[in-house]
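The residues making up each chain are set out below.
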Amino acid sequence: MAVATAPSLNRHFLCRISNPYSRVKQRRPWLPPGDATLFNYRRNWDSHLLVYASSSSSSSSSSSSPNPPTDDLTAESCVNTGLDLFKRGRVKDALVQFETALSLDPNPIESQAAYYNKACCHAYRGEGKKAADCLRIALRDYNLKFATILNDPDLASFRALPEFKELQEEARLGGEDIGDSFRRDLKLISEVRAPFRGFRKFFYFAFAAAAGISTFFTVPRLIQAIRGGDGAPDLLETTGNAAINIGGIVVLVSLFLWENKKEEEQMVQITRDETLSRLPLRLSTNRVVELVQLRDTVRPVILAGKKETVTLAMQKADRFRTELLRRGVLLVPVVWGERKTPEIEKKGFGASSKAATSLPSIGEDFDTRAQSVVAQSKLKGEIRFKAETVSPGEWERWIRDQQISEGVNPGDDVYIILRLDGRVRRSGRGMPDWAEISKELPTMDDVLSKLER
């Protein structure tokens, strides 16, 4: 949810929140170099979620009372009051304030804030369908960026629900009910990954159209050739021309449809990659990071299954600890059904200020800092052999989706090895053979590891 602040100007709107952890710009997700992401394209205008700011007098009055005086009741004041109530844990009262804001003829920015923060309240109360309905309206009518939904910790419980998966699929497909902004972003990324697909589709369409026009003129000649008579064209030649045109149309249309299918499959994969890159981990130093921040630094190995199976795999990995560390392996155990409550306190839109200070700097200057030797060395120093998942429900949902895409029964014991650039290297049923992995993966200073980044 958004956080109310108290600036010196009356009715001042701050309309940029990209990352719920740090309140600054997004950094690029953990995808291969040269690949675009949802945030590379939209980093200058995405996630226009709202932080409302009023004068100090209105802020103090709204925070001290859940119901501002009727004379001063505005959509802005109701949103600010609702934010303050949510921060204090009074979710039901906050929900009333956001609903009141929507009844006071709010402008588009106020409407977006009210619907989004109302969805956060419903998510907190476990009302997945109501949260999805509010987010659907904000996406469709008020230009909410789907990236914000992916990032906000206040929606972590919602992202583990089936309603989120349905909403994400709707956003990927686009349409009147949810808008096309997310699909446009995905198509841009897909075009960058396959830069000649658009040209090929145009080529197939243009030549299919040309073959169709040629067929249109050939068919009457073929009929005339079959009837025979004076001046009739040669039957064999005309038949051959018609067959070539029809065959060309069939082939070109098939290729065009195949390209469309591959594009849809690629957009599904991009959506999964984006979701994976935003999953949070807790390092051995108790520092919380997202997978995107570990890009080029480690090769995460996700171990998902029953507690006994995962524990045994971790014990076996200890025997190869030195060799696996030389190869940058970071173990990420995910036990089915283990839904721990995240320790990060979540009040309002994102983490509390206290929690934010303990989290890594992942905002506006993250790309610059991540490239510095000092920042990278510090992060590497905090990475050990094992990391803990912060939102197991989100991890489970992503792994189950990955299992379905690979034709594996959801809930089976599996392992997933990621590359240094964040893509899936390979996966398999059961638990991995650590001796084989030690031979397969190159060391971090190897040339192959540098090419993998």
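Shown above is the structure to which this text applies.
Residues numbered from 1 in each chain as written. Predicted model: local features only at pLDDT ≥ 70, side-chain atom pairs only at ≥ 80, totals over all residues. Heavy atoms only, no water.

1. Quick word on the overall build of the protein chain
Within the protein chain, the regular secondary structure consists of 20 helices and nine strands. Classification of the 453 residues of the protein chain by burial places 49% in the buried group. Of the contacts made within the protein chain by residues no fewer than 6 positions apart, 72% connect residues no fewer than 24 positions apart. Of the roughly 21,300 Å² of accessible surface on the protein chain, 55% is carried by carbon and sulfur atoms. (Helix = DSSP H or I, 4+ residues; strand = E, 2+ residues; numbered from the N terminus. Buried < 20%, exposed > 50% of the residue type's maximum accessible area, 1.4 Å probe, protein only. Contact = heavy atoms within 4.5 Å. Areas by Shrake-Rupley, 256 points an atom, 1.4 Å probe, with all protein chains shown as cover.)

2. Section: the state of the cysteines
Formally, a disulfide is one covalent bond, and it connects the sulfur atom of one cysteine to the sulfur atom of another. Scanning the entire structure with this criterion turns up zero disulfides. You can see Cys134 has no disulfide; the closest cysteine sulfur is in Cys121, sitting 9.2 Å from it. (Disulfide = S-S within 2.5 Å.)

3. Brief notes about the pairing of strand β6 (residues 329-335)
Summarising burial for β6: seven of the seven residues are buried, a large majority. The two faces of β6 match: Val329, Leu331, Pro333 and Val335 on one face and Leu330, Val332 and Val334 on the other face are all buried. The pairing of strand β5 (residues 299-305) with β6 spans seven bridges and is parallel. In the strand pairing of β6, Leu303 is matched with Pro333. (Pairing = 2+ DSSP bridges.)

4. Some thoughts on the sheet that holds strand β7 (residues 388-389)
Ordered by their spatial adjacency, three strands build an open sheet running β4-β3-β7, and the pairing between neighbours is antiparallel. Pairing within the sheet leaves two strands with one partner each, and these edge strands are β4 (288-290) and β7. As judged from the two bridges shared by strand β3 (residues 280-282) and β7, these two strands associate in the antiparallel manner. Residue pairing for β7: Arg282 is matched across the bridge by Glu388.

5. Looking at the sheet that holds β5
Strand order in the open sheet made by the four strands is β6-β5-β8-β9, with mixed pairing throughout. The open sheet is flanked by β6 and β9 (424-429), the only strands paired with a single partner. Each strand axis lies, on average, 15° off the axis of its neighbour in the sheet, ignoring direction. Judged from the five bridges that link them, strand β8 (residues 414-418) and β9 form a sheet pairing that is antiparallel. Considered in β9, the bridge of Ile417 is made with Arg426. The sheet contacts of helix α13 (residues 307-318) involve β5 and β6, and relative to β6 the element is tilted by about 165°. (Axes fitted to C-alpha atoms, helices over the stretch in contact; angles between N-to-C directions.)

6. Brief notes about the packing of aromatic side chains
A full pass over the atoms with the stated rule returns seven aromatic pairs. Note on Phe86 and Tyr124: the rings are 6.0 Å apart at their centroids and 75° apart in plane angle, and the pair reads as edge-to-face. Linking Phe86 in helix α3 (residues 75-87) with Tyr124 in helix α5 (residues 108-124), this pair joins segments that are 38 residues apart in sequence. Ring geometry for Phe216 and Phe217: centres 5.4 Å apart, planes at 85°, overall edge-to-face. (Phe/Tyr/Trp six-rings, centres within 6.5 Å; stacked < 30°, edge-to-face > 60°.)

7. Let's talk about the nonpolar core
Leu135, Phe146, Ile149, Leu155, Phe158 and Leu167 are the most contacted members of the largest nonpolar core, which totals 26 residues. Where this core is concerned, the elements lending two or more residues are α5, α6 (128-141), α7 (146-151), α9 (162-173), α10 (181-193) and α12 (235-277). For this core, the element with the most residues is α6, which contributes six residues. In contact with Leu135, other than residues within four places in its own chain, are Tyr116, Ala119, Leu144, Ile149, Leu155, Phe158 and Leu167. Counting 22 residues, the second largest nonpolar core, distinct from the first, contains Leu279, Val298, Leu330 and Leu418. (Core = buried A, V, L, I, M, F, W, Y, C linked by side-chain atoms within 4.5 Å.)

8. Re the side chain of Gln403
Within the secondary structure layout, Gln403 lies in helix α18 (residues 392-405). Look past the residues within four positions of Gln403 in its chain and what remains in contact with it is Trp336, Val408, Asn409, Pro410, Gly411, Asp412 and Val414.

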